[in-house]
Amino acid sequence: MERKIRVLVAKPGLDGHDRGAKVVASALRDAGMEVVYTGLHQTPEMIVEAAIQEDVDVVGLSILSGAHMVLFPKIMKLLKEQGAGDKLVVGGGIIPEDDIQELNKAGVTKVFTPGTTTTEIVEYIKTEMASRA
Amino acid sequence: MGNDGKAKKAWKDEFLKSCSKYESANASGRKIEALYDPSDVASLDYERDLGYPGEYPFTRGVYSSMHRGRVWTMRQFSGYGSASDSNKRYHFLLDRGQTGLSVAFDMPTIMGYDSDHERSEGEVGMCGVAIDSLEDMETLFDGIPLDKVSTSMTINAPAAMLLAFYICVGEKQGVSSDRLRGTIQNDILKEYIAQKSWIFPPEPSMRIITDILTFSSDHVPRWNTISISGYHIREAGSTAAQELAFTLADGFAYVEAGIAAGLDVDTFAPRLSFFFNSHLDFFEEIAKYRAARRIWARHMKEKYGARKKESLLVRFHTQTAGCTLTAQQPENNIMRTAYQALAAAIGGTQSLHTNSMDETLALPSEKAVQIALRTQQVLAHETGVTNTIDPLAGSYYVENLTNQLEADAEEYFRKIEDLGGVTKAIDMGFFQKEISDAAYGYQKAIEQKTRIVVGVNEYVIDDEQIDIDLLRIDPEVEKEQCKVLTRLRSRRDNAAAQAALDELGKAARGTDNLMPRIVECSRRYCTLGEMIGVLKAVFGVYKEPIVY
């Protein structure tokens, strides 16, 4: 049997807005993926540890506090340092257009902004994972 | 009803010939019929169920003259960057005719971390103003006389500390604490349920709250000590009925905690206020406010034995629904906000925040917030909405909806009681699951296009370029704020600060009221993080149940 895509949905930073993260987690689960949700207020270290321990293929980061330019690159750096730089990392939240290009450069391959459908997110992850297989 | 029933059936047959959609689901998933008539409000008794404004059960409003006597307070939630950045914004808003202040704090302040704590990195001043100590609070209110303006502070776990800072600023301005007017949100139950900015576990959190209630009734009698909030419950994805039910259930839990702490209900209940969302379904929102007033009054009088009229009142602030704003064609948000503001005004709100069009993209720019404020001013002064109190009373539809919402709320109260009360239901993830299920349902309706969102799933502009100016927070704010803290710690009397912190710890381990100790710590320029740190060592921190 084909291995299911494993996804860590994570909430870095201090904000408590988990509506989006939970909606995405539910949608990925309903699309047949195995989803682990970290809960709120996670440090980059906690997220990277969970990603490695849970052996996920994809890390989805959700943040609405404005701290993405500090926290996302930090997570990318830690993943690489711990030999987990091959995971697909995507993000979402209140993230201005200008910041997205920089985040892409740091290795967050896709940033989903408000109004994105869960179908688009599912499709993106499936396509990316298929191209990596 | 004989002939009426026949006439209605004939009409309905005609209706169905031209339209198959006699029932449809609204934004809350509630079934709405195409027409309501007297049979839908047959049980309504005017005196018992509605009464006059300012009279029990207050369905029509909490004051006799409502907006004709005084227009709602226009209170834009605002704060960003450093205390001096936000002070400038407050002067701008007051200058443009705003009538009250509402402080937005940054995430480190909300979570009780100082700006130089490692968890604060990247967050300082980002989604609100950074406040570390009394020194920042002095800057925040520089040139703003605290005896002239009322201030609402969206702060929960560290509410006691921010109230203490405010009291100390008052002292420095020569305004005694009994003259201070304002609100601390201080609604920790909805933090566990929806907004998720908690620090301590429920039990010590409730103790801090009852300490604030006791202290304030003696020292800050004009202060609203808890703003029992449905706003965040709705933003997290709940329906209107869930917002109503969970908010009032939280309110009853605070009342029970106050009574259990030995307080007479009439000493603290008059200072409880409420905070609701105004979402997209215009009529349901109006019915929600009406139902809230009636349910609260009935329970407070009949169940909790309140005797003072003021204990029975749902005085409330409203904020238009941030979650309905779209990043696409952001100017459309001006219209969404205006309709939502109208519902709040007709629903009898005491104060109102109208969202700015750019809030899905960033904190509001000066231009955007000015349009939002002007939306309220046009509503209040040009449309005539303030002329008549509760103008939709007697509408078959709105009265029926009000009854339905009340019945739904009572059903939830029974469920919550069966689960063992609000804190037990939180532990079991009951509210959290109800809300996340509703949020997922809402999203699915958008994706299946059973719900149209203009500019998002319909009327989309391909390759849209957004050309509004956005506010950017200077990352230098964080460095500056850390410097301010270093300077503070080198200048203050550190022995006196430490002594005050030790006293706070002693009170936390015992049963003495924490508030006087927190005020003393503030006077000694202890930082927010230091005070929270002392309490964390005694009370521990909360761990959430993961449900979705």
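Side note on the overall build of chain A
Here's step 1: In terms of helices and strands, chain A carries 5 helices and 5 strands.
Here's step 2: Taken from N to C terminus, the helices and strands of chain A fall in the order β-α-β-α-β-α-β-α-β-α.
Here's step 3: Rg of the C-alpha trace for chain A: 13 Å, near the compact-globule value of 14 Å for 133 residues, within the 12% margin.
Here's step 4: Projected onto its principal axes, the C-alpha coordinates of chain A cover approximately 40 × 35 × 25 Å.
Here's step 5: By residue count, 51% of the 133 residues in chain A fall in the buried class.
Here's step 6: A fraction of 73% describes how many contacts in chain A between residues 6 or more apart in sequence connect residues 24 or more apart.

Points about the sheet that holds strand β4 (residues 88-93) of chain A
Residue and element names in this part refer to chain A.
Here's step 1: Spatial strand order, β2-β1-β3-β4-β5: 5 strands in an open sheet with parallel pairing. Two strands lie at the open edges of the sheet, namely β2 (34-37) and β5 (110-112), each paired on one side alone. If you compare each strand with its neighbour and ignore which way they point, the axes differ by 20 degrees on average.

Some details on the packing of helix α13 (residues 282-303) of chain B against helix α14 (residues 332-346) of chain B
Residues and elements named next belong to chain B.
Here's step 1: In the contact formed by α13 and α14, the axes pass within 8 Å of each other and the chain directions differ by 30 degrees. One finds that α13 runs roughly parallel with respect to α14. Once α13 is placed against α14, the crossing between them reads as right-handed. Where α13 abuts α14, its residues Phe 282, Glu 285 and Ile 286 lie against Tyr 339, Ala 343 and Ile 346.
Here's step 2: Its residues placed into classes, the contact of α13 with α14 shows 5 nonpolar, no polar and 1 charged.

Section: the interface of chain B and chain A
Here's step 1: Contacts between the two partners involve 31 residues from chain B, matched on the other side by 27 residues from chain A.
Here's step 2: Among the elements that line the side of chain B that touches chain A, the one with the most residues is helix α18 (residues 430-447) of chain B, at 5 residues.
Here's step 3: Within the side of chain B that touches chain A, the residues separate by chemical class into 16 nonpolar, 9 polar and 6 charged.

Side note on the environment of Ala 508 of chain B
Residues and elements named next belong to chain B.
Here's step 1: On the secondary structure map, Ala 508 appears in helix α20 (residues 494-509).
Here's step 2: Separated by 443 residues in the primary sequence, Ala 508 and Ser 65 have C-alpha atoms spaced 45 Å apart.
Here's step 3: In contact with Ala 508, other than residues within four places in its own chain, are Leu 514, Val 534, Leu 535, Val 538 and Phe 539.

Notes on the nonpolar core
Soluble, globular proteins show a tendency: their nonpolar side chains are buried together.
Here's step 1: Counting 188 residues, the largest nonpolar core has Ala 160, Leu 504, Ile 518 and Met 531 of chain B as the members making the most contacts within it.
Here's step 2: Ignoring anything within four residues of it in the chain, the contact list for Ile 518 of chain B reads Ala 160, Met 161, Ala 164, Leu 504 and Met 531 of chain B.

Brief notes about the packing of helix α11 (residues 240-260) of chain B against helix α16 (residues 396-418) of chain B
Residue and element names in this part refer to chain B.
Here's step 1: At a minimum axis separation of 9 Å, α11 and α16 run at an interaxial angle of 50 degrees. Classified by the angle their axes make, α11 and α16 are oblique. Taken as a pair, α11 and α16 cross one another with a handedness that is right-handed. Between α11 and α16, the contacting residues are Ala 240, Ala 241, Leu 244, Ala 245, Leu 248 and Ala 249 on the first element and Leu 405, Asp 408, Ala 409, Tyr 412, Phe 413 and Ile 416 on the second.

With respect to the environment of Asp 418 of chain B
Residue and element names in this part refer to chain B.
Here's step 1: One can find Asp 418 in helix α16.
Here's step 2: By C-beta crowding, Asp 418 is classed as exposed, having 10 other C-beta atoms within 10 Å.
Here's step 3: Each C-alpha atom of the pair Asp 418 and Phe 246 lies 14 Å from the other, and the pair is 172 residues apart in sequence.

Some words on the pairing of strand β1 (residues 6-10) of chain A
Residues and elements named next belong to chain A.
Here's step 1: In terms of burial, β1 is largely enclosed, as 4 of its 5 residues are buried.
Here's step 2: The β-α-β motif built from β1, the intervening helix α1 (residues 19-30) and the parallel element β2 has right-handed crossover chirality.
Here's step 3: Pairing of β1 with strand β3 (residues 58-63) involves 4 bridges; the strand directions are parallel. Across the sheet, Val 7 pairs through a bridge with Val 58, a residue of β3.

Concerning unusual backbone geometry
Note on backbone geometry: most residues besides glycine have negative phi, and most peptide bonds are trans.
Residues and elements named next belong to chain B.
Here's step 1: In this structure, the amide linkage connecting Tyr 56 to the following residue, Pro 57, adopts the cis form with an omega of 0 degrees.
Here's step 2: Mapping Pro 57 onto the fold places it in the loop between α2 (46-50) and α3 (66-69).
Here's step 3: Backbone geometry places Asn 186, a non-glycine residue, at a positive phi of 50 degrees.
Here's step 4: When you line up the elements, Asn 186 lands in the loop between β7 (182-184) and α8 (188-195).
Here's step 5: Of note, the phi angle at Asp 390 is positive, near 45 degrees, even though the residue is not glycine.
Here's step 6: In this structure, Asp 390 sits in the loop between α15 (366-382) and α16.

Things to note about the confidence of the model for chain B
Here's step 1: Overall, the prediction assigns chain B a mean pLDDT of 96, with 99% of residues at 70 or greater.
Here's step 2: Across the interface, the model reports ipTM at 0.93; the global pTM reads 0.95.

Structural notes on α8 of chain B
Residue and element names in this part refer to chain B.
Here's step 1: Across the 8 residues that make up α8, a large majority, 8, are buried.
Here's step 2: Of the positions making up α8, those classed as buried are Ile 188, Leu 189, Lys 190, Glu 191, Tyr 192, Ile 193, Ala 194 and Gln 195.
Here's step 3: Where α8 is buried, its residues touch α9 (202-219), β9 (226-229), α10 (231-235), α11, α17 (422-427) and α18.
Here's step 4: Positive phi shows up at Lys 196, right after α8, with a value of about 65 degrees.

Description of the sheet that holds strand β8 (residues 223-224) of chain B
All names here are of chain B.
Here's step 1: If you walk across this open sheet you meet the 5 strands as β4-β5-β6-β7-β8, and the pairing is parallel. In the strand order of this sheet, the two ends are held by β4 (77-78) and β8, each with one partner.
Here's step 2: Both β7 and β8 contribute to a ladder of 2 bridges, which runs parallel. Looking at β8, one finds that Gly 182 is bridged to Trp 223.

A word on α15 of chain B
All names here are of chain B.
Here's step 1: Over its 17 residues, α15 extends 23 Å from the first C-alpha to the last, a length consistent with the 24 Å expected when each residue adds 1.5 Å.
Here's step 2: Listing the buried residues of α15 in full gives Ala 368, Val 369, Ala 372, Leu 373, Thr 375, Gln 376 and Leu 379. Seen from one end, α15 has its buried residues packed into an arc of 140 degrees, which puts them on one side. Exposed residues lying more than 90 degrees from the buried face of α15 are Val 378, His 381 and Glu 382.
Here's step 3: Check the buried side of α15 and you find it contacts β3 (73-74), α14 and β12 (351-353).
Here's step 4: Directly after α15, the chain includes Gly 384, whose backbone phi takes a positive value near 80 degrees.

Some points on the pairing of strand β11 (residues 316-320) of chain B
Residue and element names in this part refer to chain B.
Here's step 1: With 5 of 5 residues buried, β11 lies mostly within the body of the structure.
Here's step 2: The alternating pattern of β11 places Phe 316, Thr 318 and Thr 320 and His 317 and Gln 319 on opposite faces, both of which are buried.
Here's step 3: Tracing the backbone out of strand β10 (residues 272-278), into α13 and back to the parallel element β11 gives a crossover that is right-handed.
Here's step 4: As judged from the 3 bridges shared by β11 and β12, these two strands associate in the parallel manner. From the neighbouring strand, Gln 319 faces β12, where its bridge partner is His 353.
Here's step 5: Following the backbone out of β11, through α14 and into the adjacent parallel β12, one traces a crossover that is right-handed.

Rules of the game
- Residues numbered from 1 in each chain as written.
- Chains lettered and ligands numbered in written order.
- Predicted model: local features only at pLDDT ≥ 70, side-chain atom pairs only at ≥ 80, totals over all residues.
- Helix = DSSP H or I, 4+ residues; strand = E, 2+ residues; numbered from the N terminus.
- Rg over C-alpha atoms; globule rule 2.2 N^0.38 Å.
- Buried ≥ 20, exposed ≤ 12 C-beta atoms within 10 Å, placed from the backbone.
- Contact = placed C-beta atoms within 7 Å.
- Pairing = 2+ DSSP bridges.
- Axes fitted to C-alpha atoms, helices over the stretch in contact; angles between N-to-C directions.
- Parallel < 35°, antiparallel > 145°, perpendicular 65-115°, else oblique.
- Left-handed = near helix turned anticlockwise from the far one by under 90°.
- Nonpolar A, V, L, I, M, F, W, Y, C, P; charged D, E, K, R; others polar.
- Core = buried A, V, L, I, M, F, W, Y, C linked by C-beta atoms within 7 Å.
- Right-handed = clockwise from strand over helix to strand, strands pointing away.
- pLDDT = per-residue confidence, 0-100.
- Expected span 1.5 Å × (residues − 1).
- Arc of directions from axis to C-beta.

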